[in-house]
Amino acid sequence: MEQYTRMKQEDIPFEKLEKVGINRDFVNHMEPNELKDFLNGFRSEKLYTVNARIDSQEYKIPAKIRLQQQDDGSVNVRIHPIQRLFVPDEYMGHKFTKQEKTALLNDRNLGKTIELTGRDGRKDNYYLAVDPKTNELISLRTRHIQVPDRIKGVSLSEEQKQKLAAGKKVTLDGMTGRNGKKFGATLQIDAANRNINFSGFKQEKEKDLEQKQDKAKGAKQKIG
């Protein structure tokens, strides 16, 4: 079943992309989810080499690309080159505190949700992070991320789900990797990649995991 997207593949302005040096067969190398996001107006996952004119000189620079639908229905291409990491004083109507700037510069993630004003003038709750490839600030409406009940075989408590939904970090143990082995990691919603990011991986031994599970059972019995 074909998934709905804001734009169709035939809407892609291939002639405009070819003018900046991108061959029209690039879509054939995209994964299905990557193509779906691209057709929904999100930045490309990969960096592409594009032509750029700077001070009358021609250059080839790495950049992400994005489709942007105009009011008349036509589709343009936006280029997002790598830039110096910089957090402005104000972004989408929000004035950053010193602590918020530090979080974005050091962690590349705001670590919480904030209210921002979209291009349509409407206020909404957003996640905010720094694109790891281009250093751009990326905002994502909170409604675009759904926190699951289970992650890699582990059920999340209501408190863990609420913390994740609020943009905070959550440590989760006992997850099962593709190799079948157990591991733990720190989880946090990443606006730049529109997913839940895993960091601080640690491989778990079966004995250690059993001890943690026994302790958790014992704590529940005491509470009961």
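Residues numbered from 1 in each chain as written. Predicted model: local features only at pLDDT ≥ 70, side-chain atom pairs only at ≥ 80, totals over all residues. Heavy atoms only, no water.

*Asks:* Honestly, the overall build of the chain in this entry has me stumped. Any pointers?
*Replies:* If you tally the helices and strands in the chain, you get five helices and 13 strands. Across the chain, the fraction of contacts at a sequence separation of at least 24, relative to all contacts at a separation of at least 6, is 40%. A total of about 14700 Å² of accessible surface is found on the chain, and carbon and sulfur atoms cover 45% of it. (Helix = DSSP H or I, 4+ residues; strand = E, 2+ residues; numbered from the N terminus. Contact = heavy atoms within 4.5 Å. Areas by Shrake-Rupley, 256 points an atom, 1.4 Å probe, with all protein chains shown as cover.)

*Asks:* Would you mind going over the confidence of the model for the chain with me for this structure?
*Replies:* If pLDDT is low for a region, its predicted coordinates should not be looked at in detail. Considering every residue of the chain, the mean pLDDT works out to 90; 90% of them sit at 70 or more. Taken as a whole, residues 218-224 scores under 50 in pLDDT and shows zero contacts with residues more than four places along the chain or in a different chain. (pLDDT = per-residue confidence, 0-100.)

*Asks:* It is not clear to me how the nonpolar core should be interpreted in this structure. Could you clarify?
*Replies:* I151, L156, L164, L172, M175, L187 and I189 are the most contacted members of the largest nonpolar core, which totals 20 residues. Those elements that place two or more of their residues in this core are strand 7 (123-130), strand 8 (137-141), strand 11 (170-176) and strand 12 (182-190). If near-sequence neighbours (up to four positions away) are discounted, M175 is found in contact with I151, K152, V154, K181, K182, F183, G184, A185, L187 and F198. (Core = buried A, V, L, I, M, F, W, Y, C linked by side-chain atoms within 4.5 Å. Buried < 20%, exposed > 50% of the residue type's maximum accessible area, 1.4 Å probe, protein only.)

*Asks:* When you look at the sheet that holds strand 7 in this model, what are you seeing that I'm missing?
*Replies:* Each strand in a sheet pairs with its neighbour through backbone hydrogen bonds, running either in the same direction (parallel) or in the opposite one (antiparallel). The three strands are arranged 6-7-8 in an open sheet whose pairing can be described as antiparallel. Looking at which strands have only one partner, the edges of the open sheet turn out to be strand 6 (114-117) and strand 8. Strand-to-strand, the axes of this sheet are offset by a mean angle of 55 degrees, without reference to chain direction. Examined bridge by bridge, strand 7 and strand 8 share five bridges and lie antiparallel to one another. Among the inter-strand pairings, Y127 is bridged to a residue of strand 8, identified as L140. (Pairing = 2+ DSSP bridges. Axes fitted to C-alpha atoms, helices over the stretch in contact; angles between N-to-C directions.)

*Asks:* Would you explain the sheet that holds strand 11 in this entry?
*Replies:* On the basis of which strands lie adjacent, the open sheet formed by three strands has the order 11-12-13 and antiparallel pairing. Each end of this open sheet is capped by a strand with a single partner; those strands are strand 11 and strand 13 (195-203). For this sheet, the mean inter-axis angle between neighbouring strands, taken without regard to orientation, is 35 degrees. Note: strand 12 against strand 13, seven bridges, orientation antiparallel. Residue I189 lies in a different strand from strand 13, and its bridge partner there is I196. Each of strand 11 and strand 12 touches helix 4 (residues 158-165); the most contacted strand, strand 11, lies at about 120 degrees to it.

*Asks:* Sorry if this is basic, but what is going on with the environment of F183 here?
*Replies:* Here F183 lies in strand 12. Looking at F183, the relative accessible area reads 9%, which means it is buried. Taking the C-alpha atoms as reference points, F183 and K202, separated by 19 residues in sequence, lie 5.6 Å from one another. When residues no more than four places from it in sequence are discounted, the contact partners of F183 are K152, L172, D173, G174, M175, T176, G177, F198, F201, K202, Q203 and E204.

*Asks:* Can you walk me through the pattern of salt bridges in this structure?
*Replies:* Here the idea is simple: oppositely charged side chains can pair when their charged atoms come close. Scanning the entire structure with this criterion turns up 12 salt bridges. Where K64 meets D131, a salt bridge forms, and the shortest distance between an N and an O atom there is 2.8 Å. Taken together, the positions of K64 in strand 2 (residues 57-69) and D131 in the loop between strand 7 and strand 8 put the pair 67 residues apart, joining distant regions of the chain. K202 is paired through a salt bridge with D173; the nearest N and O atoms lie 3.5 Å apart. With a gap of 29 residues between them, K202 in strand 13 and D173 in strand 11 connect regions that are remote in the sequence. (Salt bridge = Lys/Arg side-chain N within 4 Å of Asp/Glu carboxyl O.)

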